[in-house]
Amino acid sequence: MSETDFDWDDLRLFLAVARAGGLAGAASATGKSAPTLGRRMLTLERKLGRELFERLPRGYALTEEGQALLDQAGALEDRLRPIIARRPEDALPVVKVSAGLWTTHLLCRKVDRVLGEDALRLRFIAADEMVDIGRRAAVIGIRNQRPESPTLAGRRVTRIRFAAYAVNDSVTPWAQVIGPTPSAKWVQQTARSAPRIEVTNARSALDLAEAGAARVVLPMFIGARLSHLQQVGPEIEALAHDQWLVTHHEDRFVPVVRRVIDRIHDLLKAECSMPPGQAQ
């Protein structure tokens, strides 16, 4: 028998039967039925080529080979226990939320509304690139398009709009973010002949705008909240897009994930749909 043919869970069940002295006690400890445990023990004996138990009218008694396996499996269990033991902080579910920088910025500022009354470990992943939800790199993603994969579920939130902002209309240089985002590409194409200051992230672009050195393209739910900046152009229709909450189709049925999704949906719908000038 090769290692790939061996079901390691049989050792856990063996320990339960051996310690309980029978199938009934092991059934309550493992959640397996007595007939299932009986079949699993018989299969284990056949795979190992050893007789582990004496089947008695009132229980299972270990043979000499069974006692030897109990000693070995018990020692293995002792070595595994520190590895599989859960620390108190690990007992909380981890909900990883992936979004672009500005949406993550908003979620961080309103984190109490995201957490609600749940005890959980919330992890924000601010990334312009798409994080792989199918492989559980994130539990919840906030995207600019409906998911196409059959393993993902999507829920539309609202329409996200963009405009240019600066301290005043006299500021003509653009803050050019080096990156693949639609807003970065729009600035590169639109302001091709205008003076530009290049930065590697959107936060630095906003710093330039706040310093009066450049104008910056922002989601209007962010720009409308910056009292020291003003909108210096019309809404950029080419950048407007629908906002989607995306999760793995199985994870959405996990109660704590479902509640976080609902709270994020309500938060984003309220905060990102707000007309400019009415942001709180």
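For the structure, check the block above.
Residues numbered from 1 in each chain as written. Predicted model: local features only at pLDDT ≥ 70, side-chain atom pairs only at ≥ 80, totals over all residues. Heavy atoms only, no water.

(A) Structural view of the sheet that holds strand S6 (residues 152-160). Strand order in the open sheet made by the five strands is S4-S3-S5-S12-S6, with mixed pairing throughout. Sheet topology places strand S4 (121-126) and S6 at the edges, where each strand pairs with a single neighbour. The mean inter-strand angle of the sheet, taken between neighbouring strand axes irrespective of direction, is 20°. In this structure, strand S5 (residues 140-143) lies alongside strand S12 (residues 241-248), joined through four bridges in antiparallel fashion. The residue of S12 that forms the bridge with Gly-141 is Val-246. (Pairing = 2+ DSSP bridges. Helix = DSSP H or I, 4+ residues; strand = E, 2+ residues; numbered from the N terminus. Axes fitted to C-alpha atoms, helices over the stretch in contact; angles between N-to-C directions.)

(B) Just the sheet that holds strand S10 (residues 216-219), in detail. The strand order S10-S7-S11 describes an open sheet built from three strands, whose pairing is antiparallel. One side of each edge strand has no neighbouring strand; the edge strands of this open sheet are S10 and strand S11 (230-231). Bridging between strand S7 (residues 162-166) and S10 involves four bridges; their strand directions are antiparallel. If you follow Ala-164 over to S10, its bridge partner there is Val-217.

(C) Looking closely at the pattern of salt bridges. Considering all chains together, one arrives at 17 salt bridges under this definition. Here Asp-9 makes a salt bridge to Arg-12, at a shortest N to O gap of 2.6 Å. Remark: Arg-12 and Asp-9 occur in helix H1 (residues 9-20); sequence separation between them is three residues, near one turn of the helix. A relative accessible area of 25% means that Asp-9 is categorised as partly exposed. The closest approach of N and O atoms between Glu-235 and Arg-161, which form a salt bridge, is 3.8 Å. One end of the pair, Glu-235, is in the loop between S11 and S12; the other, Arg-161, is in the loop between S6 and S7, with 74 residues separating them in the sequence. Residue class for Glu-235 comes out partly exposed when judged on its relative accessible area of 25%. One continuous salt-bridge network, built from bridges that share partners, spans Asp-7, Asp-9, Asp-10, Arg-12 and Arg-40. (Salt bridge = Lys/Arg side-chain N within 4 Å of Asp/Glu carboxyl O. Buried < 20%, exposed > 50% of the residue type's maximum accessible area, 1.4 Å probe, protein only.)

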